[in-house]
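# What the coordinates show
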Amino acid sequence: MQAAYSKRQKERLRRSEARQRPLGRTIRQTLADLCRQLVVFLFNQVGVGCLLLGYTVSGAFVFRYAEAEYDRELTARVEEHRLTAARSLWRVTCQLNQFNVTEADWWRLVTNLTTSYQHNVTGFVRRGYLGGSSEQSIWTVPSSIIYCISIYSTIGYGYLTPRTTWGKVCTIIYAIIGIPLMLLYMSNVGAVLANFFKFVYFRMYRRRRRAHLRADYLGVASGPASVSVSEGLAALARHDEPTTVPIAGCVLVMAGYVLAGGLLFGEWEGWTYLDGSWFCFVSLVSVGFGDLVPGFSAREADSSAVDVKLIICAVYLLLGMSLIAMCFSLMQEDAIGKLRKFMMRIGCLRPASSDDWDATTSSDPVP
């Protein structure tokens, strides 16, 4: 009774102090608590993914606003220049027909006109012209999302680059903030994928091992049982199982992801299977030559299907780079484990130190 009474007294005292506390301090504490909770949320797996998604979408709208008008104006100038060149060719042809000029003179004049047109178009290309019409800019929201991903993932395809001053300044600022954010995303999401992959792998490994041991000890596949069930279960418990995912499994996962992407993009873009796989590989390893880039069909066809393809390409790249980071982490873990066992075998490390190693490596991770 005395303890309950003392507890009630403390609760009343706490409420009294809370009522006497200044309102401004209470608001400041509430805001501080909210800020701490927001920071914790932003730096966990879900928060980092949402933060990167919002950063990508907002960057896409910024670059589209900064570059779309310039791209439309440049394309309109190219179309006007093309029309002027066509009219000049027609005028030369009509004049030569009236004055009975030889074919050699006609070829000379036409060659001069086409050479001048080619020189001018080359200048437009250097200033950022990529083809298409002035009615639709290459800087759509999906293509701008691909551009944002190529910045903070350091892929840098190079086929879509800013030409305005504000576009270049925004790209520099965007990369300074986006690259550390991308590294944080790959670290967090890669850790989640690694735990899930290890969980699935070890579950499959144990299930397969139990089937083999049941066949050996209980005679399911090889005749009558030679030992009791308890002895078989004891052997199952004593059986040494791996603590890391083998390198071959990680290589198969990466190869499967690249080949699946090659099939997908090859079908969408009309590439060969080798070209599609080449694009996926150079993109996921952050090389990004820029020789093959999805989305050029956006200049010829204003279709929602094109936008969907570009969005799926963005998801493929983000998920794939996390998958590659996961596989590299698992391969490094397996290589370090094998190196440690080799050094213990040749006597460079004491076998007793392996207990600490086993304690830090979980054989049954939870996703």
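About the cut-offs
- Residues numbered from 1 in each chain as written.
- Predicted model: local features only at pLDDT ≥ 70, side-chain atom pairs only at ≥ 80, totals over all residues.
- Heavy atoms only, no water.
- Helix = DSSP H or I, 4+ residues; strand = E, 2+ residues; numbered from the N terminus.
- Buried < 20%, exposed > 50% of the residue type's maximum accessible area, 1.4 Å probe, protein only.
- Areas by Shrake-Rupley, 256 points an atom, 1.4 Å probe, with all protein chains shown as cover.
- 1 Å grid on protein atoms, 1.4 Å probe; cavity = no way out; pocket = protein on both sides within 12 Å on 5 of 7 lines; lining within 4 Å.
- Points joined across faces, edges and corners; volume = space filled by probe spheres on them.
- Nonpolar A, V, L, I, M, F, W, Y, C, P; charged D, E, K, R; others polar.
- pLDDT = per-residue confidence, 0-100.
- Contact = heavy atoms within 4.5 Å.
- Core = buried A, V, L, I, M, F, W, Y, C linked by side-chain atoms within 4.5 Å.
- Salt bridge = Lys/Arg side-chain N within 4 Å of Asp/Glu carboxyl O.
- Patch = residues over 30% accessible without salt bridge, like charges linked within 9 Å, V, L, I, M, F, W, Y side chains within 5 Å.
- Expected span 1.5 Å × (residues − 1).
- Phe/Tyr/Trp six-rings, centres within 6.5 Å; stacked < 30°, edge-to-face > 60°.

Attention now moves to the overall build of the chain. In terms of regular secondary structure, the chain is built from eleven helices and zero strands. Classification of the 367 residues of the chain by burial places 33% in the buried group. Carbon together with sulfur atoms contributes 63% to the accessible area of the chain, which is approximately 23,000 Å² in total.

This part takes up the layout of surface pockets. Of the voids in this model, the largest pocket is the one considered here, and its volume is about 270 Å³. When residues of the lining of the largest pocket are traced back to their parent elements, those giving at least two are α3 (45–98), α5 (141–152), α6 (165–217) and α10 (304–345). Within the lining of the largest pocket, the residues separate by chemical class into 13 nonpolar, two polar and no charged.

Another aspect to go through is the confidence of the model for the chain. When pLDDT is averaged along the chain, the result is 76; 72% of the residues meet or exceed 70. With pLDDT under 50 throughout, residues 220–227 is counted as low confidence; its partners more than four residues away or in other chains account for twelve contacts. With pLDDT under 50 throughout, residues 353–367 is counted as low confidence; its partners more than four residues away or in other chains account for 26 contacts.

Glancing now at the nonpolar core. Taken as a class, soluble globular proteins show a tendency for nonpolar side chains to be buried jointly. Tyr152, Tyr157, Met182, Tyr185, Phe279 and Leu284 are the most contacted members of the largest nonpolar core, which totals 53 residues. If you list the elements that add at least two residues to this core, you get α3, α5, α6, α8 (247–269), α9 (273–284) and α10. The element contributing the most residues to this core is α10, with 14 residues. Setting aside residues no more than four positions away along its own chain, Met182 makes contact with Leu52, Tyr152, Ser153, Leu318 and Met321.

Within this structure, the stated rule accounts for three salt bridges. Note that Glu333 and Lys198 form a salt bridge whose closest N and O atoms lie 3.4 Å from each other. Taken as a pair, Glu333 in helix α10 and Lys198 in helix α6 lie far apart in primary sequence, 135 residues in all. On the accessibility criterion, Lys198 (9% relative accessible area) is buried.

Attention now moves to a nonpolar patch on the surface. On the surface, Trp166, Val169, Ile172, Ile173, Ile176 and Ile177 cluster together into a nonpolar patch covering about 660 Å² of accessible area. Relative accessible area serves as the criterion here: at 48%, Ile177 is assigned to the partly exposed category.

Take helix α4 (residues 103–126) next. For α4, spanning 24 residues, the distance from its first C-alpha to its last is 35 Å, which sits close to the expected 34 Å at 1.5 Å a residue. Where α4 ends, the next residue or the one after it, Gly128, has phi of about 115°, a positive value.

Here we take up the packing of aromatic side chains. Going through the model one piece at a time under the given rule, you end up with twelve aromatic pairs. For the ring pair Phe63 and Tyr174, a centre distance of 5.5 Å and an interplane angle of 80° mean the geometry is edge-to-face. Residue Phe63 is found in helix α3, and its partner Tyr174 is found in helix α6; the two are separated by 111 residues along the sequence. Exposure remark for Phe63: the relative accessible area of 1% places this residue in the buried category.

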